[in-house]
Structures are given as structure tokens and as C-alpha cells.
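# Architecture at a glance
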Amino acid sequence: MTDNRLRDGLLDAVTLVALILVLLPIIWVFIASIRPDADIMTGGLIPTRFTVEHFLAIFARSDFLVALRNSLIVGVVVSICTVLIAVPASYSLSRFTYLGRDFMGFLILATQMLPAVAVLVPIVVLIRSLGLTNTLTALTFTHLALGLPIAVWMLKGYIDAVPRELEEASIIDGSTQLGAMFRITLPLIRPAVIAVGTFAFVLSWGEFLLALALISKTEVKTLPLALQTLFDPYSFSWGEVMAGGVVIAVPTVVLFLLFRNQLVGGLTAGGIKG
Amino acid sequence: MSDIKVSNLRKSYGAVEVLRDINLDIGSGEFVIFVGPSGCGKSTLLRCISGLESITSGRLEIGGKVVNQVPPSKRGIAMVFQSYALYPHMNVRDNMGYSLRLRRASRAETEARVNEAAAKLQLQPYLDRFPRELSGGQRQRVAIGRAIVRDPAVFLFDEPLSNLDAALRVATRLEIAALKETLPQTTMIYVTHDQVEAMTLADRIVVLNAGRVEQVGTPEELYEAPGSLFVAGFIGSPSMNIISGAFAEGLGAPTIGIRPEDVILGEGPYQGRVTHKEYLGADSFVYLDEPVAGRLTARVPGKADYPDGTTMAFGFQPAKIHRFDATGKRLTTA
Ligand SMILES: Nc1ncnc2c1ncn2[C@@H]1O[C@H](COP(=O)(O)OP(=O)(O)OP(=O)(O)O)[C@@H](O)[C@H]1O
Ligand SMILES: [Mg+2]
């Protein structure tokens, strides 16, 4: 009995420590973004004075606004394209049998074995020879390539879990195979589709390395790059950097809150057996 | 017109031949049951008829039309799956109306037909519920309702009751029997493991064995005159006593079969030792050991009051003996 309580207490403590480790920097960023610069380095963790000047300052910078727009464009396009490509691709891998299917599935997974850094140089060379450096198009395509393999495999797992009999019932009821996919399977894996779209957006939104390698002009910089330029050696403000960090974090948090129920949903319950 | 004619149907998965040369004639409005041991190809044959599975070779006709290349939805069939396969994201009403919506039926017509089917199956209180909010029996009825709504010419069932408990299975079995009465024009094909379902529901039973049709006949024919040793052993519970060797030779055939209820205990030319008894209420099974024949089962009414180990006389009426030749075929003349 006491033994159990001790163990529970220990586990709770560990969880708490982990949570603090994860949350502290984030909380610190949020708090710092609304404190006067003078307090950030000197004051304690509890803020005493508040200000919105950092946010006003960064939103007054045109390069930051351009970067915000660029990030939104690339993120939304990548997210939509990921869904549009990953859904049919994973459906085909899950439902149809054809020559080379398993090998293709393996290849898609194999791309994940190399870290992004390892393919960075070839990608940069490739984009250069295509004359696409300093374009959002280049970023869109590379971000797509980054997220698609995981998206395909994740969706494939969900589609595998939808019983084939549901589609067969739909086909007997008068739909085509494609109709069954749209009317039965897709609605059932909607949470996963939304998760994949969100994941692609977040991935592209925060991606720094490829952007750094491919983009140098201010008009096509994305937020992570713009954030880096905030570290200006001549007029440096911790507060503005923190405010920039918050702006980068917000969409992710909002997306998560928005789709929380979808992401945790389990819809398949009840259709099959008792 | 919804008769089904299967000619020389074969089905292989790669090198594995699952159905071999199936020939069947199923009349319009007939209730036919497929039985056979697990893995013999019942589901595969049903799925070939439905069109979910393509046919490797042979011909399938429904209503006088060759439908080998016709997609499932154009064959005029409805299917009830073992797992029910209700659409989890639709309520009962939408599940049942799904096929009509696909056919672009009017709202009013869909509503009317769903209500009619729901009334037939006592499903009105559940129309707005989702499948996950229903019991197993209710789900089963929705699955049947979804099939009825389409007004199919052919009704296919793949072990529809196997997920229900014993009591519900009996109740649903009676419902299916009643359903059959209300749909006299509809041909029904039903796959089951359950002997009682097969014997009580079927107009005719098709016994499948390792991808072949072993015998086709009314429940009575199969029970009274099984065409082969396989059918003899498969139909009837407890299964028929199969005896070969000297004992059988003595009765005029390489192998003989005798149903447990045809074994007469207490009188007769043979002696057997009681090894075990099972009391089932209305009757009892008595297991006997005969030196030459081996182990035999006898079915006696009520309770069997013989202590284990007693040796008893037994025998059987000559007319009740089934005789089979060395290849397992029934010998018609005794
Ligand atoms: N897609 C497939 N690929 C290869 N073999 C298959 C496939 N589907 C079924 N089989 C084989 O075909 C045979 C018949 O299967 P089927 O499902 O028709 O059996 P069944 O009579 O319905 O059995 P049960 O009573 O257990 O449901 C089995 O031996 C099975 O292994
Ligand atoms: Mg089966």
C-alpha cells in the first residue's frame, strides 16, 4: 500500500520534472515577450511590468511582415499538397496490389533513414541547377518532400485499420471503389488526414535549415530566417526576439487547439462486430 | 426472375485453387445454405456470386444473364456481412438509406423505404442512433435492414449470426425465417457453420468440401441419404457413427454409418461397454466401446441410467444402416 503510494509519488515527480523541463523555455519566451527589455535579463521569472511594445515593434518591420506572409503561403500550400498527394498514395499502398508496391512503400520509408542534413547539399545543387534558388517554389517543393513520406505512412496505417468489408458493403450498395474511398474511408480517417495536414504545416512553418540554404533575399525569407535577422548586433532587443518566437509558436498552438478533438478522435468504433 | 446458375466455376489465388469446378442451379425464390468445414471455400463462393471476387474461369448467371463481368452493384444483390460492416460514421437511418442515396432516389422515397424496412425489423426506435450505440443483435438487424431497403433479387448472408449469443441467435434465426416468408420472390444464399440453422432454414443445402460441391439436397435428403461419407459425417449432431473393417463387412459394405438415434440400447446382437454419458435434458448421449467396431455414440431419450463400465446389448434396424463403398460413395442397393 505505502509502497504503491511511494511509487505513484515518484512517478508524479518525474512527470512534473519532465513537464517543467519542456515547458519552462516556452513559458519563459511568452513571459519575456511581454516584459520591458530591462526586466528580461534582470527580473525574476514572475513579471511585474507588462508591455506590448515588442510586438508593435516587430509588426512594424516590413521584412518581418513579408516573412510572415511567405511562411503562411508556403505552409498552407505544403499542407494542402501533402494531403492531396498522401491520401491517394497511401490508399493505393493500402488497398491495391500491383507489381512493386511493397518496394515503393519501402523506398518511401527509406527516405526517412537519411537525416535532412545529409541530403542538404544535393538538394541545394539541384535547386540551383533548376534556377529556383530564392523562390518560394523551391521551399514548397523541398518542404513537401520532407513531410510526405511520414504523411503517407501514417495515413496508410489508418487506412489499413479501416476494415475492407466497409468498402465492400459500399460497393455492393452501388458505389465504385473510388466512391467507397470518398464516402466511407475518408470520413473515417478524417482525424488522421487533419493531423497529417497540420503536421505538414507545422513542419514547413518551423523549417530553418533548408530555408537558410536556399533563401538569401529578404523578399522570400520565411519566419525562422526573419527571426534570425532580429539578432541584429547593432540594435538588439531580447524582447523582440521573444515576440518573434511567440509569433512562430502561435499557429501551432492554435491549430492544435482547433483540431484537438479531431486529433484524439476514434471514429471507427461500432461499425464492426460487437 | 432471380435464379442463379453456376457452371464450371473455378477460383484460384495465384497457384492455390480454392474453388474447383462448381456447378449449381439455384431456383428463383429458393433459400439455399452453404455448409462445410472451415476453409472449404464457402465465403469465396459467396463473394464470387456477389462480384466482390472475380471468377478465374467458368460462368455465373443471375436471372438468365451472364454476370461474370457485371459489377456487384448491378447484379441486383444485397449482402449481409458476418461483421455487419455498418458504416460507423452514419446513423441507422443513413446506413439503411445509403444505397438509395447512391441511386439518387428522392428524399421522400428513401424515407418511405427506410421506414418500411425499419418497421419490418422493429428498428424504428433506433433510427437516429449510431452503430456504436447499438447491441450486437440490433446491429445485425440494421445490416439486414440495409439489405432489404434495396429490394434485391438475391440476398447473400455470410454467417450473419455467428457473432450473436445463443439466445439471440435463435431469435434472429426465427426472424430470418419470417423474413423469407415475406420475400417469397427473393433468392437467398446463406453461409453457416451451424447445423441447426442449415437444417431449419434451408430449402436446399449445398455441402462444400475442399472447394468442391460434395452434395446438394434438401435437409431431409442429406440427413436420410447422405451421398458420401463426408456428408454423412458432417450433417447431424452428434455425428454419425462411421464403422469400417470386419464389423462393416459383416453388414455388407466396406464402410457403414449409423446415426446415434438409430442405435437401440438394451437389445440386439452386439455387446458394448458404456464408457461415458452426457445428459442434455431431453435426451442423453451414451458412448459405447465395442471390441470390433470401436467407439460408438448412442442417443437415448431422457436420462440414461447405466453406470459407466456396464456392458450392454445393442443393435440397429437394418433399414437404418447407411452403406458406403471403399471410395466413400453411398451404396444405393443394400
Ligand atoms: N485472398 C486470398 N488469397 C489466398 N487465399 C485465400 C484468399 N482468401 C481465401 N483464401 C483461401 O481460400 C480458402 C477458402 O476460404 P474461405 O474464406 O472461402 O473459407 P470458408 O469456407 O468461408 O471458411 P470459414 O468457414 O472459416 O469462414 C481458404 O483455404 C483460404 O485460405
Ligand atoms: Mg467464411
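Only a predicted model underlies this, so the values are computations on that prediction, with no experimental measurement involved.

Scoring rules and cut-offs
- Note that residues are indexed from 1 along each chain, following the sequence as it is written.
- Chains carry letters from A onward and ligands carry numbers from 1 onward, assigned in written order.
- Predicted model: local features are reported for residues with pLDDT of at least 70 only, side-chain atom pairs are reported and counted for 80 or more only, and whole-chain, interface and lining totals are derived from all residues.
- Water and hydrogen atoms play no part in the side-chain values, which are based on all heavy atoms of the structure.
- Strands here are runs of E lasting at least two residues and helices are runs of H or I lasting at least four, both read from the DSSP assignment and numbered beginning at the N terminus.
- Two things to know: the radius of gyration comes from C-alpha atoms, and the globule rule equals 2.2 Å times the number of residues to the power 0.38.
- Using a 1.4 Å probe on the protein chains alone, a residue whose accessible area is under 20% of its type maximum counts as buried, one over 50% counts as exposed, and one in between counts as partly exposed.
- Here a residue-residue contact requires only that any non-hydrogen atoms of the pair lie within 4.5 Å.
- Method for areas: the Shrake-Rupley scheme with a 1.4 Å probe, in which residue coverage is limited to the protein chains shown.
- UniProt positions are given in the numbering used here, feature names are shortened, and annotations may be inferred rather than shown by experiment.
- Working definition: residue near molecule or strand if any one of its non-hydrogen atoms lies within 4 Å of it.
- Any pair of N or O atoms that falls within 3.5 Å is considered a polar contact. Within protein, one atom must be able to donate a hydrogen and the other to accept it, and sequence-neighbouring residues count only if both atoms are side-chain atoms.
- By the convention adopted, Pro, Cys, Tyr, Trp, Phe, Met, Ile, Leu, Val and Ala count as nonpolar, Lys, Arg, Asp and Glu as charged, and the other residues, Gly among them, as polar.
- Throughout, nonpolar core names a set of buried Ala, Val, Leu, Ile, Met, Phe, Trp, Tyr and Cys residues whose side chains join them through atoms within 4.5 Å.
- As a working definition, buried area equals the accessible area (1.4 Å probe) given up by two parts on being put together, with both sides summed.
- Here, a salt bridge means any side-chain nitrogen of Lys or Arg that lies within 4 Å of a carboxyl oxygen of Asp or Glu.
- Here the rule is simple: two strands pair whenever DSSP picks up at least two bridges between them.
- Axis definition: a line fit to C-alpha positions, over the contact stretch in the case of helices; interaxial angles, taken between N-to-C directions, run 0 to 180 degrees.
- Those domain boundaries reflect an automatic or database domain assignment.
- An angle below 35 degrees is treated as roughly parallel, one above 145 as roughly antiparallel, one from 65 to 115 as roughly perpendicular, and anything else as oblique.
- Throughout, a crossing is termed right-handed when the near helix is turned clockwise from the far one, and left-handed when it is turned anticlockwise from it by less than a right angle.

### Considering the overall build of chain A
Scanning chain A for helices and strands turns up 13 helices and zero strands. Taken over the C-alpha trace, chain A has a radius of gyration of 23 Å; the compact-globule value for 274 residues is 19 Å, which it surpasses by more than 25%. Taking the principal axes of the C-alpha coordinates as reference, chain A spans close to 70 × 70 × 35 Å. Burial statistics for chain A: of 274 residues in total, 40% are counted as buried. In chain A, of all internal contacts separated by at least 6 residues, the share reaching a separation of at least 24 is 71%. About 15000 Å² of surface is accessible on chain A, with carbon and sulfur atoms providing 72% of the total.

### Things to note about the UniProt feature "transmembrane region" (unreviewed entry) in chain A
All names here are of chain A. Feature annotation in UniProt assigns "transmembrane region" (unreviewed entry) to the following positions: residues 9-31, 72-91, 103-130, 136-155, 192-216 and 236-259. Between the C-alpha atoms that bound residues 9-31 there is a distance of 30 Å. The span itself is 100% helix and 0% strand. The span residues 192-216 shows a helical share of 84% and a strand share of 0%, and its end C-alpha atoms are spaced 35 Å apart.

### Looking at the site of ligand 1
All names here are of chain B. For ligand 1, the full set of nearby residues is Tyr13, Val18, Ser38, Gly39, Cys40, Gly41, Lys42, Ser43, Thr44, Glu159 and His193. In the model, an oxygen atom of ligand 1 is placed 3.0 Å from a nitrogen or oxygen of the Gly41 main chain. In isolation ligand 1 offers 640 Å² of accessible surface; the protein chains occlude 57% of this area. If one sorts the elements of the shell around ligand 1 by residue count, helix α1 (residues 42-50) sits on top with three residues. The residue makeup of the shell around ligand 1, split by class, is three nonpolar, six polar and two charged.

### Thoughts on the nonpolar core
All names here are of chain B. Counting 58 residues, the largest nonpolar core has Ile4, Phe34 and Leu45 as the members making the most contacts within it. Each residue touching Phe34, except ones within four places of it in the same chain, is listed here: Leu24, Lys42, Leu45, Leu46, Ile49, Ile189, Tyr190, Val191, Thr192, Val206 and Leu208. Of all hydrophobic cores here, the second largest spans 41 residues; its members include Val80, Leu121, Tyr126 and Ile235.

### Section: the interface of chain B and chain A
Across the contact, 26 residues belong to chain B and 22 residues belong to chain A. Between chain B and chain A, the buried area comes to about 2200 Å², and carbon and sulfur atoms account for 62% of it. Considering only the surface of chain B that becomes buried against chain A, Pro88, His89 and Leu102 of chain B emerge as the three largest contributors, covering 24% of it. For the pair chain B and chain A, the interface holds two salt bridges. The closest approach of N and O atoms between Asp173 of chain A and Arg150 of chain B, which form a salt bridge, is 4.0 Å. Taken together, the links from chain B to chain A amount to eight residue pairs in polar contact (both at pLDDT 80 or more).

### Describing the UniProt feature "domain: ABC transporter" (unreviewed entry) in chain B
Residues given the UniProt feature "domain: ABC transporter" (unreviewed entry) here are residues 4-235 of chain B. Taken end to end, residues 4-235 of chain B is 36% helix and 26% strand, and its two terminal C-alpha atoms sit 25 Å from one another.

### A word on unusual backbone geometry
Residue and element names in this part refer to chain B. Residue Pro238 follows Ser237 across a cis peptide bond; omega there is -5°. Residue placement: Pro238 occurs in the loop between α8 (229-234) and β11 (241-244). In this structure, Gln122 takes a positive phi of about 50° despite not being glycine. With respect to the element layout, Gln122 can be found in the loop between α3 (107-120) and α4 (136-149).

### Some words on the sheet that holds strand β8 (residues 187-191) of chain B
Residue and element names in this part refer to chain B. Strand order in the open sheet formed by six strands is β6-β7-β8-β3-β9-β10, with mixed pairing between adjacent strands. Strands with a single pairing partner mark the edges of an open sheet, and in this sheet they are β6 (77-80) and β10 (212-217). The sheet shows a mean angle of 20° between the axes of neighbouring strands, direction not considered. As paired elements, strand β3 (residues 31-35) and strand β9 (residues 204-209) share four bridges and run parallel to each other. Its bridge partner being in β9, Val35 is matched across the sheet by Val207. Seen against the sheet, helix α5 (residues 166-182) touches β3, β7 (154-158) and β8 and runs at an angle of roughly 160° to β8.

### Quick notes on the domain arrangement of chain A
Residues and elements named next belong to chain A. Structurally, chain A comprises domain 1 (1-51) and domain 2 (52-269). Look at where the C-alpha atoms of domain 1 and domain 2 centre, and you get two points 30 Å apart. Listed per partner, the contact involves 12 residues of domain 1 and 11 residues of domain 2. Between domain 1 and domain 2, a total of about 960 Å² is buried, with carbon and sulfur atoms accounting for 71% of that surface. Ranking the residues of domain 1 by area buried against domain 2 places Ser33, Asp37 and Thr51 at the top, with a combined share of 48%. Taken together, the links from domain 1 to domain 2 amount to two residue pairs in polar contact (both at pLDDT 80 or more). Of all the secondary structure elements, the ones that give two or more residues to the side of domain 1 that touches domain 2 are α1 (2-33) and α2 (37-42). For the side of domain 1 that touches domain 2, the element with the highest residue contribution is α1, accounting for five residues. Split into classes, the residues belonging to the side of domain 1 that touches domain 2 amount to eight nonpolar, two polar and two charged.

### Notes on the packing of α4 of chain B against α5 of chain B
Two packed helices can be described by the angle between their axes and the distance between those axes. All names here are of chain B. Here α4 crosses α5 at 15°, and the two axes come no closer than 11 Å. Taken together, the axis directions place α4 and α5 in an arrangement best described as roughly parallel. Relative to α5, the crossing made by α4 is right-handed. Packed against α4, whose contacting residues are Gly137, Gln140, Arg141, Ile144 and Ile148, the element α5 presents Leu168, Thr172, Glu175, Ile176 and Leu179 at the interface. Tallied by class, the residues present in the contact of α4 with α5 amount to five nonpolar, three polar and two charged.

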